[in-house]
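What the coordinates show
Chain residues, written in single-letter form:
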Amino acid sequence: MTARGRRGDAMTTFALLHGGAHGPWQWDLLAPLLHELGHAVVTPDLPMDDPEKGSAEWARVTVEALDAVGTNEDVVVLGHSLAGLAVPVVAAARPVRHMVFLCAQVPMPGQSYGDYVATQPGAITLPVGQNERDELGRTVVTWPIARKYFYAACTEKDARRYHALLRPIAATAFVEPCPIAAWPNATSSYILATDDLAVGPEWSRRVCEERLGITPIELAGTHSPFLDHPAELAATLVRIARQTRAIA
């Protein structure tokens, strides 16, 4: 976990929640850019590989990380991919000014995500069944899937390095009921990647219109914009923070 910022700036704390199979390392290019732009960054290590811990535990880890750095209420919490399931749970647990879903799943309060996503064609376009399972029944992302769906824009060397860092994904967050009964009051943004092969852009546009009541921000690139276009993503997040602060 990191927490950094320059004193004296109008500073937002960005809580960056990594995607499934990943870890805080996925923000290694993005976090320094946000810091250089005058903002604080918290990158909690979510226990997505623990079958005993679902999105409520992911949110608890995030809240503890924010509390540990003594942050104020100017918090923007961002969830990438699977971590979208924890974003509104964090916002229900502590003051959050804004939520950002980055190429992310969006949970339905009170319903298991597995049941919800079964009614949502295109929400998950990554062929989950082509991955492997370990002895605990967790999903293990194979190299061919990682290369095509996560790291298509990376060099072979970088893609191999990132794949070696991936961890198994427990199914807990898919099968448990979403731990919040109602959507939190915090406002939302959704950033989609137009070449995302893991979360369908058409579904992302649809969920923005039908559930979030917003127009998505569209960036060129793959499911990993923090690797493809970190500077553009950083600028987008700072713009979101500035604009939402002005209307808060």
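Preceding this section is the structure that the text describes.
Residues numbered from 1 in each chain as written. Predicted model: local features only at pLDDT ≥ 70, side-chain atom pairs only at ≥ 80, totals over all residues. Heavy atoms only, no water.

1. Comments concerning the overall build of the chain
Short version of the rule: A run of DSSP states H or I qualifies as a helix once it reaches four residues; a run of E qualifies as a strand once it reaches two. Both are numbered from the N-terminal end. Put simply, the radius of gyration uses C-alpha atoms, and a globule should come to 2.2 Å times the residue count raised to 0.38. Working definition: with a 1.4 Å probe on protein chains only, accessible area under 20% of the residue-type maximum means buried, over 50% means exposed, and in between means partly exposed. Contact definition: two residues touch when any of their heavy atoms are within 4.5 Å. Using a 1.4 Å probe, accessible areas were evaluated by the Shrake-Rupley method; residue-level cover was limited to the displayed protein chains. When charges are counted, Lys and Arg contribute as positive and Asp and Glu as negative, whereas His and the chain ends are disregarded. Charged side chains are reduced to one point each, which is NZ for Lys, CZ for Arg, CG for Asp and CD for Glu.
Counting its secondary structure elements, the chain contains ten helices and eight strands. Its C-alpha atoms give the chain a radius of gyration of 17 Å, near enough to 18 Å, the size a compact globule of 248 residues would have. Every one of the 248 residues in the chain was classed for burial, and the buried ones make up 56%. A sequence separation of at least 24 residues applies to 70% of the contacts in the chain between residues at least 6 apart. A total accessible area of about 10,500 Å² is found for the chain, and carbon and sulfur atoms account for 53% of it. With 21 positive and 27 negative side-chain charges, the chain shows a spacing of 5 Å between the two charge centroids.

2. Some points on the nonpolar core
Spelled out, the test is: Residues belong to one nonpolar core when they are buried, are Ala, Val, Leu, Ile, Met, Phe, Trp, Tyr or Cys, and are joined through side-chain atoms within 4.5 Å.
Counting 80 residues, the largest nonpolar core has Leu34, Phe150, Tyr151, Tyr190, Trp203 and Leu237 as the members making the most contacts within it. Dropping the residues within four chain positions of it, Trp203 is found in contact with Ala104, Gln105, Val106, Tyr113, Tyr116, Gln120, Pro121, Gly122, Ala123 and Tyr190.

3. Details of the packing of helix α5 (residues 143-150) against helix α6 (residues 156-165)
Where we set the bar: Lines fitted to C-alpha atoms define the axes, with helix axes restricted to the stretch in contact, and inter-axis angles between N-to-C directions lie between 0 and 180 degrees. If an angle is under 35 degrees, it is roughly parallel; if it is over 145, roughly antiparallel; if it lies from 65 to 115, roughly perpendicular; otherwise it is oblique. Two helices crossing with the near one rotated counterclockwise from the far one by less than a right angle form a left-handed crossing, whereas a clockwise rotation gives a right-handed crossing. Charged means Asp, Glu, Lys or Arg here, nonpolar means Ala, Val, Leu, Ile, Met, Phe, Trp, Tyr, Cys or Pro, and polar covers whatever is left, Gly included.
Look at α5 against α6: their axes get within 10 Å of each other, and the N-to-C directions meet at 120°. Overall, the two elements α5 and α6 adopt an arrangement that is oblique. Helix-helix and strand crossings are classified by hand; for α5 and α6 the assignment is right-handed. Residues Trp143, Ala146 and Arg147 of α5 form the contact with α6, whose participating residues are Glu156, Ala159, Arg160 and His163. For the contact of α5 with α6, the class distribution of residues is three nonpolar, one polar and three charged.

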